[in-house]
Amino acid sequence: VAITTRLLVSHLSGIRHYEKDIAKVKEEKEKANRALKAYQDKEQKEKEGKGIEKTDSVKHGGEVKSRNSKPGRRDKEFEQEEYYLKEKFESVIESLKIFKNDPLFFKPGDQFLYSTYGFTLLSAVVERASGQKFTDYMLKMFRDLDMLSTVLDDNEAMIYNRARCYVYNKKGRLVNAPYVDNSYKWAGGGFLSSVGDLLKFGNALLYSYQAGQFKNTNSRLLPGYLKPDTVAMMWTPVPKTEVSWDGDGKYAMAWAVVEKKQQCGCCRQQRHYASHTGGAVGASSVLLILPEELDSEAVGTGVVAPPRGIIVSIICNMQSVSLNSTALKIAREFDKEKWAQ
C-alpha cells in the first residue's frame, strides 16, 4: 500500500490510534455511526415538517447530544496505557518504533480513523523534507507568528506560567494529573500554548484565507503566512471523513469543518467554520474560526482589511472537557452582536 501525506493529514492512513484492538475500534465506530444516522434521520424528519417548531434547542438537539457524548468516549480513550508513557524520545524518528510494526487497520484511503500516530509519522516527513528537527522547525514557525508563549511540553524545562493539570479520580475527586512524557507525539499533542497565542494562530490562518479576496489595496496588503489556496484546501471537506462527534461536520486537512448550507427558505443557515479540539492528560482545548461573509463592494474598494471574522480559543487545565459546542455558541453570540450594530 501507499500512504501519502494527504492521507495522514486527513486521518485516512489506516494507522492505529491508541487502541490496538481493531475489533474494539470497529465496535466504537459502528456505535458512533448509528448515533450519527439517528441524528441525521431526526434532521430529515424535522425538515419534512412533523409539526415540530424548530427552536434553536430543537434544531441543535442532536448536535449537542453528539458533542456532549464526546467526554464519555474520551474518558474511555484515556484508559489506554500509551497516554501515560514516561519514556523520553530523542527524535520523532525514534518514536516511530511505538507503532511502526503494527498492522494497518484498513487500506489507506478507505476509512476515517483519527490517529495521533499518523501525525507522528507526518512530523517525521516534515523533518526529512525540511532538513531540520521537527521541534526546531515548529518553534521557528511559532516565532514567525509571534506565538512566543508556545513551547514544547518538556517536563525538565522551566516554563514561565506553566499551569498545573487536573483529573478526576475514580471517586470523583479532583487530583493532580499523573506525570507523562509527550516526546513520543510532539505533533499530535506535545506543545504548550496560551489562549492569546492560539488567537494569533487563528488570525494568521484567517488572514491567509481572505488575503486573496482583497484586490484593490494598492499593494499595501502584506501576503499571508500561507497562500489563500492552501488554507482553502485545508478547510475543504475530504470524502469518507464524516466525523462522529459533529452531526454537521466533516474532516478536512487537520481541521474539522462545517460547510455553508441552507436547504430551504426560512430554515437554519449553516455558516462555514473550521475548528479543532484537543485533549491531553489533564487538559482540554478548542480553536474555532468563523470567517466573516465578506461584502464584495467593501472588499473591492478596500474599505475593510483581513482578517475578518470571529475566532474563539478556550484552554482549560481539566481532562475530558467537551468545548466545541461552547466555542460555537460564543462565536454565534459575537456574530449576532456584530450584525445587530
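Residues numbered from 1 in each chain as written. Predicted model: local features only at pLDDT ≥ 70, side-chain atom pairs only at ≥ 80, totals over all residues. Heavy atoms only, no water.

Q: Hey, could you run me through the overall build of the protein chain in this one?
A: Secondary structure summary: the protein chain contains 13 helices and 9 strands in total. Counting all 341 residues of the protein chain, 42% fall into the buried class. Within the protein chain, contacts between residues at least 6 apart in sequence are counted, and of these 67% link residues at least 24 apart. Per element, the accessible surface of the protein chain, about 19100 Å² overall, is 53% carbon and sulfur. (Helix = DSSP H or I, 4+ residues; strand = E, 2+ residues; numbered from the N terminus. Buried < 20%, exposed > 50% of the residue type's maximum accessible area, 1.4 Å probe, protein only. Contact = heavy atoms within 4.5 Å. Areas by Shrake-Rupley, 256 points an atom, 1.4 Å probe, with all protein chains shown as cover.)

Q: Explain the pairing of strand S7 (residues 273-280) here, please?
A: As a general feature of sheets, a regular strand has side chains that alternate between the two faces. When strand S6 (residues 256-258) meets S7, the two strands line up antiparallel, connected through 3 bridges. Within S7, the position partnered with Val258 by the bridge is Tyr273. Counting the residues in the hairpin turn of S7 and strand S8 (residues 283-291) gives 2 residues, including Gly282, whose phi is positive at 90 degrees. (Pairing = 2+ DSSP bridges.)

Q: Whenever I open this one, the pairing of strand S9 (residues 309-316) confuses me. Can you help?
A: Burial of S9 is extensive: 6 of the 8 residues sit out of reach of the surface. Pairing of S8 with S9, which is carried by 8 bridges, proceeds in the antiparallel orientation. Pairing of Ile289 across the sheet is with Ile311, part of S9.

Q: Is there a simple way to explain the nonpolar core in this structure?
A: Generally speaking, nonpolar side chains in soluble globular proteins are found buried as a group. Core analysis: the largest hydrophobic core is formed by 43 residues, its most contacted members being Tyr117, Leu205, Trp235, Trp255 and Ile289. Elements with a contribution of two residues or more to this core: helix H1 (5-9), helix H7 (116-130), helix H8 (134-144), helix H10 (195-211), helix H11 (228-234) and S8. Of the domains in this structure, domain 1 (1-38 + 74-192) and domain 2 (196-340) are the two that each give at least three residues to this core. Each residue touching Ile289, except ones within four places of it in the same chain, is listed here: Gly202, Leu205, Leu206, Trp235, Trp255, Tyr273, Ala274, Ile310 and Ile311. With 14 residues, the next largest nonpolar core counts Tyr273, Val312, Cys316 and Met318 among its residues. (Core = buried A, V, L, I, M, F, W, Y, C linked by side-chain atoms within 4.5 Å. Domains from an automatic or database assignment.)

Q: Would you explain H7 in this entry?
A: In an α-helix, one turn spans 3.6 residues; hence positions three or four apart end up facing the same way. For H7, which comprises 15 residues, the first-to-last C-alpha distance of 21 Å matches the rise-based estimate of 21 Å (1.5 Å per residue) to within 8%. In this structure, the buried residues of H7 make contact with H1, helix H6 (92-95), H8 and helix H9 (186-189). At the N-terminal boundary of H7, the capping side chain belongs to Ser115, with an oxygen 3.4 Å from the backbone nitrogen of Tyr117. Directly after H7, the chain includes Gly131, whose backbone phi takes a positive value near 75 degrees. (Expected span 1.5 Å × (residues − 1). Polar contact = N/O pair within 3.5 Å; in protein donor to acceptor, adjacent residues only side chain to side chain.)

Q: Would you explain a nonpolar patch on the surface in this entry?
A: A cluster of nonpolar side chains, Val1, Ile3 and Leu104, forms an exposed patch at the surface whose accessible area comes to about 270 Å². Within the secondary structure, Ile3 is located in the segment before H1. (Patch = residues over 30% accessible without salt bridge, like charges linked within 9 Å, V, L, I, M, F, W, Y side chains within 5 Å. Salt bridge = Lys/Arg side-chain N within 4 Å of Asp/Glu carboxyl O.)

Q: Even after reading the chapter, I still don't get the pattern of salt bridges, so can you show me in this structure?
A: When their charged atoms lie close together, side chains carrying opposite charge are able to pair. Within the structure shown, the criterion is met by 13 salt bridges. Between Asp102 and Arg16 there is a salt bridge, with the nearest N and O atoms lying 2.6 Å from each other. Here Asp102 is found in the loop between H6 and H7, whereas its partner Arg16 is found in the loop between H1 and helix H2 (22-48), with 86 residues between them in sequence. We classify Asp102 as partly exposed; its relative accessible area is 30%. Arg16 sits in the buried class, given a relative accessible area of 2%. When the shortest N-O distance is used, the salt bridge between Asp146 and Lys200 registers 3.1 Å. Residue Asp146 is found in the loop between H8 and strand S1 (151-152), and its partner Lys200 is found in helix H10; the two are separated by 54 residues along the sequence.

Q: Any chance you could explain the sheet that holds S7 here in plain terms?
A: Backbone hydrogen bonds hold the strands of a sheet together, and the pairing may be parallel or antiparallel. Taken in spatial order, the 5 strands line up as S5-S6-S7-S8-S9 in an open sheet, and their pairing is antiparallel. The sheet is open, and its two edges are formed by strand S5 (250-251) and S9, each paired on a single side. Across 2 bridges, the pairing between S5 and S6 is antiparallel. Counted as the bridge partner of Lys250 is Val257 from S6. Running over the sheet, H10 touches S8 and S9 and is turned about 150 degrees from S9. (Axes fitted to C-alpha atoms, helices over the stretch in contact; angles between N-to-C directions.)

Q: How should the environment of Asp229 be read in this particular structure?
A: Mapped onto the elements, Asp229 comes out in helix H11. Through-space distance from the C-alpha of Asp229 to that of Gly212 is 8.5 Å; in sequence the pair is 17 residues apart.

Q: Teacher, can you tell me more about the confidence of the model for the protein chain here?
A: Low-pLDDT portions of the prediction should not be read for the details of their coordinates. Per-residue confidence for the protein chain averages 85 on the pLDDT scale, and 84% of its residues sit at or above 70. In the predicted structure, residues 50-73 sits below a pLDDT of 50 and forms 41 contacts with residues beyond four places in sequence or in another chain. (pLDDT = per-residue confidence, 0-100.)

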